[in-house]
Amino acid sequence: RGFIFLAGDNNITLEGLTITGGKAKTELGGGIYIDGSSPVIKNCTIQNSSAREGGGIAIVNNASPDIEGTEVKLNFGLFGGGGILVTDSTPTLTDVDIYKNRGTFGGGMKMVNSVGTEEEGARLDDVDIVENVTNRMCPCSKNQAITAGGGVYFDRSNPFINDVTLKDNKTGWKLMMDIVDPTIEPYKNAFLSTEEEAVYYHSFGGGMYVTAQSPKPNVGDFTFEGANEDSDSSSDEADNYHFEVNE
């Protein structure tokens, strides 16, 4: 990893740095790991990093960092949150570009149990989520291939949204992966090489995926541009977003 912030690390600022090549193969946060703390990350670039989840940045356990003017790009999260993972936390992202990241659930960003309002909590303000991809890897078993949320994946999450753009994000079985070598750990045996190997495969939400446990966001708060794509669906709406429903 590039940097680790733990509880009590609240008066620390990273500014103007490029963090590249961070690795946390079986853990969270390849580039930056933030656990229960509130650092400021300003005008930085986090790139070419990988982890189990949160390839670029992992924000967990009631952390509340302020991330501003930062690029998160070309990162890989094995099980999700290719660019950023947020779990049980309330970050503020302002003027942040999240692009060309990959992961199974939330190619650009995965948020779990994180909510916010205009006054407090998790907040995305002037955030561009562009050209992120969910791939055809299965985190559960060899005979399933499920991907969701090319741009963002919300699970029990409803951050405050202001000026968030989802553009040219993609999900789908038909997408090829080229960011990691599937012959090395921890990626070995994690990929399905042919469609015939999967008993079940599907993808949901090229731009955004929202689980049934999450408050339904106002689609009008997002700007959908370009060609968000669910390559396994013929629905234009599914290309932009998918809302899971309880059956």
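Thresholds applied
Residues numbered from 1 in each chain as written. Predicted model: local features only at pLDDT ≥ 70, side-chain atom pairs only at ≥ 80, totals over all residues. Heavy atoms only, no water. Pairing = 2+ DSSP bridges. Helix = DSSP H or I, 4+ residues; strand = E, 2+ residues; numbered from the N terminus. Axes fitted to C-alpha atoms, helices over the stretch in contact; angles between N-to-C directions. Buried < 20%, exposed > 50% of the residue type's maximum accessible area, 1.4 Å probe, protein only. Polar contact = N/O pair within 3.5 Å; in protein donor to acceptor, adjacent residues only side chain to side chain. Patch = residues over 30% accessible without salt bridge, like charges linked within 9 Å, V, L, I, M, F, W, Y side chains within 5 Å. Areas by Shrake-Rupley, 256 points an atom, 1.4 Å probe, with all protein chains shown as cover. Salt bridge = Lys/Arg side-chain N within 4 Å of Asp/Glu carboxyl O. Lys, Arg positive; Asp, Glu negative; His and termini not counted. Charge placed at Lys NZ, Arg CZ, Asp CG, Glu CD. pLDDT = per-residue confidence, 0-100. Contact = heavy atoms within 4.5 Å.

## Some thoughts on the sheet that holds strand β1 (residues 3-5)
Right, on to step 1. Across the sheet, eight strands lie side by side as β1-β5-β9-β13-β16-β20-β24-β27; this open sheet has parallel pairing. Of all strands in the sheet, those bounded by a partner on one side alone are β1 and β27 (241-243). With direction set aside, neighbouring strand axes in the sheet form an average angle of 5 degrees.
Right, on to step 2. Of the pairings in the sheet, the one linking strand β13 (residues 84-87) to strand β16 (residues 109-112) comprises four bridges and is parallel in character. By the bridge assignment, Thr87 is partnered in β16 with Val112.

## Let's talk about the side chain of Asn75
Right, on to step 1. Mapping Asn75 onto the fold places it in the loop between β11 (71-73) and β12 (76-77).
Right, on to step 2. Given a relative accessible area of 0%, Asn75 falls into the buried group.
Right, on to step 3. There is a polar contact of 3.1 Å between the side chain of Asn75 and the backbone oxygen of Ile46.

## A closer look at a negative patch on the surface
Right, on to step 1. Together, Glu15, Asp66, Glu68 and Asp95 give the surface a local cluster of negative charge.
Right, on to step 2. Position of Asp66 among the secondary structure elements: in strand β10 (residues 66-68).
Right, on to step 3. The class of Asp66 is partly exposed, set by a relative accessible area of 32%.

## Comments concerning the confidence of the model for the chain
Right, on to step 1. Per-residue pLDDT for the chain has a mean of 80; in total, 75% of the residues score no lower than 70.
Right, on to step 2. In the model, residues 138-145 has pLDDT below 50 throughout and makes 23 contacts with residues more than four positions away in sequence or in other chains.

## Some remarks on the pairing of β16
Right, on to step 1. Where burial is concerned, the two faces of β16 agree: the one with Met109 and Met111 and the one with Lys110 and Val112 are both buried.
Right, on to step 2. Two elements, β16 and strand β20 (residues 152-155), share four bridges in a ladder whose sense is parallel. Within β20, the residue paired with Met111 across the bridge is Phe154.

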